[in-house]
Amino acid sequence: EVHGLALQISENSFSNKVLNALKPEKDVDGLKHADIVVLGSPKPEEIPLSWIQPGTTVLNCSHDFLSGGRLSPLMCFPPSDLEISRAQTPKAVEVLAKEIGLLADEIEIYGKSKAKVRLSLLERLKDQADGKYVLVAGITPTPLGEGKSTVTVGLVQALTAHLNINSFACLRQPSQGPTFGVKGGAAGGGYAQVIPMEEFNLHLTGDIHAITAANNLLAAAIDTRILHENTQTDKALYNRLVPSVNGVREFSSIQLARLKKLGINKTDPNALTEEEIGKFARLNIDPSTITWQRVLDTNDRFLRKITIGQAPTEKGYSRQAQFDIAVASEIMAVLALTDSLVDMKERLGRMVVASDKNGQPVTAEDLGVTGALTVLMKDAIKPNLMQTLEGTPVFVHAGPFANIAHGNSSVLADKIALKLVGEEGFVVTEAGFGADIGMEKFFNIKCRASGLVPNAVVLVATVRALKMHGGGPGVSLLLPSSKHTFLKISLSLKTSLNEYRCKTTNVFITRTDTRAEIDLVCELAKRAGAFDAVPCYHWSIGGKGSVELARAVRDAANKGSRFRFLYDVQLPIVEKIRTIAQAVYGARDIELSPEAQSKIDRYTQQGFGNLPICMAKTHLSLSHQPDKKGVPRDFILPISDVRASIGAGFIYPLVGTMSTMPGLPTRPCFYDIDLDTETEQVKGLF
């Protein structure tokens, strides 16, 4: 309980007698030592946020809140995430790098607060033991999200700033689509966030732009190759592909690789027969099989279905196509799953973009673009170093969505961080959306690619989301739950915990929840099988609000892991999809569209049947229907289409009407985003 006094003093009362009666520590500088500040100023906005310490409760009792000669109830106006971020000056990134053991030649500095870390570090630390590996996942969220990023940041702040344990947070780079759309930024929130948050949420170091450029270069190469093959003879095509320069004709290295793939063991361009020239020069792409789409990092619903090639210069070659959001590009997935520059180049070359007219896969390597893609991605492969509000290190690297991609930050960031924290340290990484999507893909896709095994899982739940899934009111009404609601909550928690074979610590972040609600949910979580269940308050007070969580995670991680994969990758594609649908989502069975069945048959025939599965599904329900809350049962999961991300290394079924290009709402976030042209400060991000 808080007691406060608001004293309204008129301007003509500010005499020397009054001012001299104030003790110096009670003057504005004294605000830095206050836990609660009551504002009686008629212009509270003129008080700089830097005067108030992080975590302070601010009560605004200024003139605007007076009515009828009496004070209205005290109004609490906590600062925005952006204000909190700006109130803390980040340490210079070179200082941070030195603190965590990086050498001067192992970082490339971007501005004052960001740096890329070179992969040479892995070679230097190859004999260093890894730290503990912790995943933060969540229950099925409300449309507003339930705070996994905030928990991740709060946990590492607690571990390092309060318990003196080396730790690293590994987060995804947010897409600018949601930043300007409906969700806003993704740097955490309150007093548990990555700073500077505007740099985190906007261009960062340009990795997503590099992915966009590489993706669209490949898209352009596909359609251009079809055009040129349609309008030229074999000989003319060959002469342009292998031109004579100063009287000399030579194959490029990637063309020599294609000759080898075709079984043509010749290196002299003039030695090929007419048949060999035709085989080499023509890819014979079947336009109806093209799966490679153009991308853009903007939510633009009108690009979901377009027609390309309508200009007369394209000579009648037009086709229906589409744009995806940039983070859905397979190149983003490749970036997130690769473990070296050599591996990334190989993965980029293996990406299948279409089939030829004989049903064989056509790859980026066949199009001759692998080297160029690698050049565009050579800097993006290096993880980005930033820091939390409390000065602990963060890697921000890769940003695939969890509902339309595999939803996890990069393997490279995790591996580098595990070396840097040392054997007793902790690396905390986050899986996107709910456990049915991000965590399942972390286990069955990311862990297969990395060879890493998590020591513990933090499952984030909020009373708000549990009420909604238990049949309670929507997210705008945080009312006490009925007994009936909590009976359903218990079922929901038990489902989340029992479907995964990894030690789980549950976390419940709360804002307006009652003590009784928090205690009940913690008790239900423990009964459902959680190692521990801990309320957290990092959003309002930073790392010290997650110290209990940090201790629980430390204890859980030291108990050993019972991790295992959900399915054997050698199973047929259909059986792997069915296993996920039944064991994780609770479906009775799956139903394949004719298109999906045809794609599965094609990919199996092409030799891609032994890859893991990356389901593209709504994040708002365990089922394919966003409005089906709680734990739906006995439903049939429809698979409308199937794609193959061969470079990334997974098969990509689309569930229901899942879109790979989000749209803008009626009132997007961009209405609130602006730039102060005098200070050059961004306003309106949250």
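Above this text sits the structure in question.
Model, not experiment: these values are computed from the prediction.

Each value, and the rule that gives it
Residues numbered from 1 in each chain as written. Predicted model: local features only at pLDDT ≥ 70, side-chain atom pairs only at ≥ 80, totals over all residues. Heavy atoms only, no water. Helix = DSSP H or I, 4+ residues; strand = E, 2+ residues; numbered from the N terminus. Buried < 20%, exposed > 50% of the residue type's maximum accessible area, 1.4 Å probe, protein only. Contact = heavy atoms within 4.5 Å. Areas by Shrake-Rupley, 256 points an atom, 1.4 Å probe, with all protein chains shown as cover. Patch = residues over 30% accessible without salt bridge, like charges linked within 9 Å, V, L, I, M, F, W, Y side chains within 5 Å. Salt bridge = Lys/Arg side-chain N within 4 Å of Asp/Glu carboxyl O. Pairing = 2+ DSSP bridges. Axes fitted to C-alpha atoms, helices over the stretch in contact; angles between N-to-C directions. Expected span 1.5 Å × (residues − 1).

1. Here we look at the overall build of the protein
And then number 1: The helix and strand tally for the protein stands at 23 helices and 30 strands.
And then number 2: Residues classed as buried in the protein amount to 55% of the 686 residues present.
And then number 3: In the protein, 72% of the contacts between residues at least 6 apart in sequence involve partners at least 24 apart.
And then number 4: Accessible surface, the protein: about 30300 Å² in total, of which carbon and sulfur atoms supply 52%.

2. As for a nonpolar patch on the surface
And then number 1: A contiguous nonpolar patch, built from Leu664, Phe670 and Tyr671 and spanning about 300 Å² of accessible area, is present on the exposed surface.
And then number 2: Tracing the backbone shows Phe670 in the loop between strand S28 (650–655) and strand S29 (674–676).
And then number 3: With a relative accessible area of 39%, Phe670 lands in the partly exposed category.

3. Some words on the pairing of strand S7 (residues 114–117)
And then number 1: Judged by which residues are buried, S7 turns out to be covered on both faces: Lys114 and Lys116 on one side and Ala115 and Val117 on the other are all buried.
And then number 2: For strand S6 (residues 107–110) and S7, the ladder comprises four bridges, and the chain directions are antiparallel. Directly across from Glu108, in S7, lies its bridge partner Lys116.
And then number 3: Count of turn residues in the S6/S7 antiparallel hairpin: three residues, of which Gly111 carries a positive phi of about 70 degrees.

4. Things to note about the sheet that holds strand S26 (residues 589–592)
And then number 1: Taken in spatial order, the three strands make up an open sheet running S26-S27-S28, and their pairing is mixed. The outermost strands of the open sheet, each flanked by one partner alone, are S26 and S28. Across the sheet, the mean angle from the axis of one strand to that of its neighbour is 50 degrees, orientation sign disregarded.
And then number 2: Packing of helix H22 (residues 573–585) onto the sheet brings it into contact with S26, strand S27 (636–645) and S28, and relative to S26 it is tilted by some 135 degrees.

5. Considerations on helix H23 (residues 594–605)
And then number 1: A rise of 1.5 Å per residue sets the reference length of H23, with its 12 residues, at 16 Å; its end C-alpha atoms lie 17 Å apart and thus fit the reference within 8%.
And then number 2: Those residues of H23 that are buried are in contact with strand S18 (352–355), H22, S26, S27 and S28.
And then number 3: Positioned one or two residues after H23, Gly607 has a phi angle of 95 degrees, which is positive.

6. Re the pattern of salt bridges
And then number 1: Scanning the model with the defined rule gives 33 salt bridges in all.
And then number 2: Between Arg258 and Asp366 there is a salt bridge, with the nearest N and O atoms lying 3.6 Å from each other. Residue Arg258 is found in helix H10 (residues 253–261), and its partner Asp366 is found in the loop between strand S19 (361–363) and helix H14 (370–377); the two are separated by 108 residues along the sequence. In this structure, Arg258 and Asp366 share a single accessibility class: buried.
And then number 3: Between Glu517 and Lys467 there is a salt bridge whose closest N-O contact spans 3.0 Å. Placement of the pair is Glu517 in helix H19 (residues 515–527) and Lys467 in helix H17 (residues 463–469), with a sequence separation of 50 residues.
And then number 4: The network of salt bridges with common partners includes Glu108, Arg118, Lys378, Asp379 and Lys382.

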